[in-house]
Amino acid sequence: MTEAKLPGKENFSEWYHELLKSGEIIDVRYPVKGMCVWYPFGFALRRNVYDLMRELLDPDHQETQFPLLIPETEFMKEAEHIKGFEDEVYWVTHGGTSPLDIKLALRPTSETAIYPIFKLWVRSHADLPLKIYQIVNTFRYETKHTRPLIRLREITSFKEAHTVHASWEEAAEQVEAALTIYAEFYRRLAIPFLFARRPSWDKFPGSDYSIALDTVMPDGRTLQIGTAHLLGTNFATTYGITFENEAGEQEFANQTCYGVSERCIAALISVHGDDRGLVLPWSVAPVQVVIVPILFKDKERTLEVSREIKAKLAEAGTRVAIDESDERPGAKFYKWEMKGVPIRIEIGPRDIEKGVAVLARRDGKKLTVPLDGLLSSIQAEAADLTEAMLTKAQAFLASKVKDCETVEEAREQTAAGVARVGWCGSEECGHWIEDEVGAAVLGEPWRSAEKHERSCIVCGAKTERCALLARQY
């Protein structure tokens, strides 16, 4: 790897694209616009991130997999849902050279693939709740400007969960449970976010309501990194998902769905990365520790000790590498900093004589620690490093959210951040805000204890409601 300097992070778009390449996350040179190839290093990061998601879901969800192709007859049943996706669907019209009797859609999302099967699986109240998830690719004919990991035509890593419940109230509780899982997921990735209940015109097609998670990117725009939707009985009515209740009567089931895509990795890279490359949390870094032997004399002894350290760390479950290349130390440091390795161990002959090693954290902190007890020192620094990453990211997000009382203030604030304004909740005032401010209404803050009287920025009505406004990716 050559030591080509990254563009400054203030030039976010250029910095982001170069880091995806230099950090060996994805290769965008695939000859279909909006489709990318994962480098092995990037795929290892992806695997670790989604293994973390599995760890959080598996206690009360079951992983499964449904087909990619959806018959047009099933896909077109839910009119409101399809209206939300009709311009984005890829259609398969031929099998070989033979026209198909029924066109097949490449899933843009899987409700219309899964729910005809739920009709067969759900018979009695004893079958509920049903909670499944899958991690699959989805396809959307994206007509806007595509961005790697952010806006794609093939979403390669879409985690979608689907649940079925006996009552609307139980489904609403499941939405809250999903949001709690996502909050923990992003806490472990050290990514702060805003919860917002999407306005009626921007909710998931076919849902009663939608809650989204938005993080703030380095340029002040927001990125939606997760959603949870209460579907009520809307899809159950369409697909005939009923169950026999305890009284022996048939009822329509209530449902939820919630999803996260590889945008979580886009956020991970963007929120934490710096002008030296990736900065990865300990929990998901493909390489958690890299050992760099300082080979200027007594090379064999230095390598021997370095290999012993690697073996002990690996035995303890640490993802560890050793750089035995002939490159000079500075080039090695650059390479592994670019890859976001949380902790680097530097060790040379003098360190071995003293029974110590140098730990260099990715945030620049260095300390000398004894070889005896090295593992516990690494674990302590790893935990502290993750907390430091979260604290720094939270401070950045807080700096980007501001209360605004006028359209002019909101317009200025949303040029590089999030505005919070009074909103009466009406759709008419909401659309007016979007048109006049030039930013999207993300919705009303969710799980926010902050309540005080405001005036709607449009009609002036007194209200305790407010809206978050931002320019979005």
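Whatever comes next refers back to the structure up there.
Residues numbered from 1 in each chain as written. Predicted model: local features only at pLDDT ≥ 70, side-chain atom pairs only at ≥ 80, totals over all residues. Heavy atoms only, no water.

A.B. asks: So what's going on with the sheet that holds strand β4 (residues 69-71)? Residues and values would help.
C.D. replies: The strand order β4-β6-β5 describes an open sheet built from three strands, whose pairing is antiparallel. The outermost strands of the open sheet, each flanked by one partner alone, are β4 and β5 (90-95). The sheet shows a mean angle of 45 degrees between the axes of neighbouring strands, direction not considered. Relative to strand β6 (residues 98-106), β5 runs antiparallel, the two sharing five bridges. Among the inter-strand pairings, W91 is bridged to a residue of β6, identified as A105. (Pairing = 2+ DSSP bridges. Helix = DSSP H or I, 4+ residues; strand = E, 2+ residues; numbered from the N terminus. Axes fitted to C-alpha atoms, helices over the stretch in contact; angles between N-to-C directions.)

A.B. asks: For the layout of surface pockets, give the residues involved together with the corresponding values.
C.D. replies: Empty space within the largest pocket amounts to approximately 1300 Å³. What lines the largest pocket is a set of 47 residues, among which R140, R151, D202, Q224 and R263 lie closest to the centre. Contributions of two or more residues to the lining of the largest pocket are made by β8 (154-165), β10 (209-216), β11 (222-232), β14 (254-260) and β22 (440-445). A per-element tally of the lining of the largest pocket places β11 first, with seven residues. Classifying every residue of the lining of the largest pocket gives 20 nonpolar, 12 polar and 15 charged. In this structure, the second largest pocket spans a volume of roughly 400 Å³. (1 Å grid on protein atoms, 1.4 Å probe; cavity = no way out; pocket = protein on both sides within 12 Å on 5 of 7 lines; lining within 4 Å. Points joined across faces, edges and corners; volume = space filled by probe spheres on them. Nonpolar A, V, L, I, M, F, W, Y, C, P; charged D, E, K, R; others polar.)

A.B. asks: Before we move on, could you go through a nonpolar patch on the surface and cite the residues and values that matter?
C.D. replies: Taken together, Y30, V32 and V37 make up a surface patch of nonpolar side chains, about 240 Å² in accessible area. Its relative accessible area of 39% is what places V37 among the partly exposed residues. (Patch = residues over 30% accessible without salt bridge, like charges linked within 9 Å, V, L, I, M, F, W, Y side chains within 5 Å. Areas by Shrake-Rupley, 256 points an atom, 1.4 Å probe, with all protein chains shown as cover. Salt bridge = Lys/Arg side-chain N within 4 Å of Asp/Glu carboxyl O. Buried < 20%, exposed > 50% of the residue type's maximum accessible area, 1.4 Å probe, protein only.)

A.B. asks: Describe the pattern of salt bridges, listing the residues and the values that go with them.
C.D. replies: Side-chain pairs of opposite charge can arise where the charged atoms are in close proximity. Inspection of the entire model under this criterion finds 31 salt bridges. One salt bridge connects D403 with R420, and the closest N-O pair in it is separated by 2.9 Å. Remark: R420 occurs in strand β21 (residues 418-422) and D403 occurs in strand β20 (residues 401-403); sequence separation between them is 17 residues. Looking at R420, the relative accessible area reads 19%, which means it is buried. The network of salt bridges with common partners includes D274, R276, E337, R344, E346, R362 and K366.

Geometry only, nothing functional implied.
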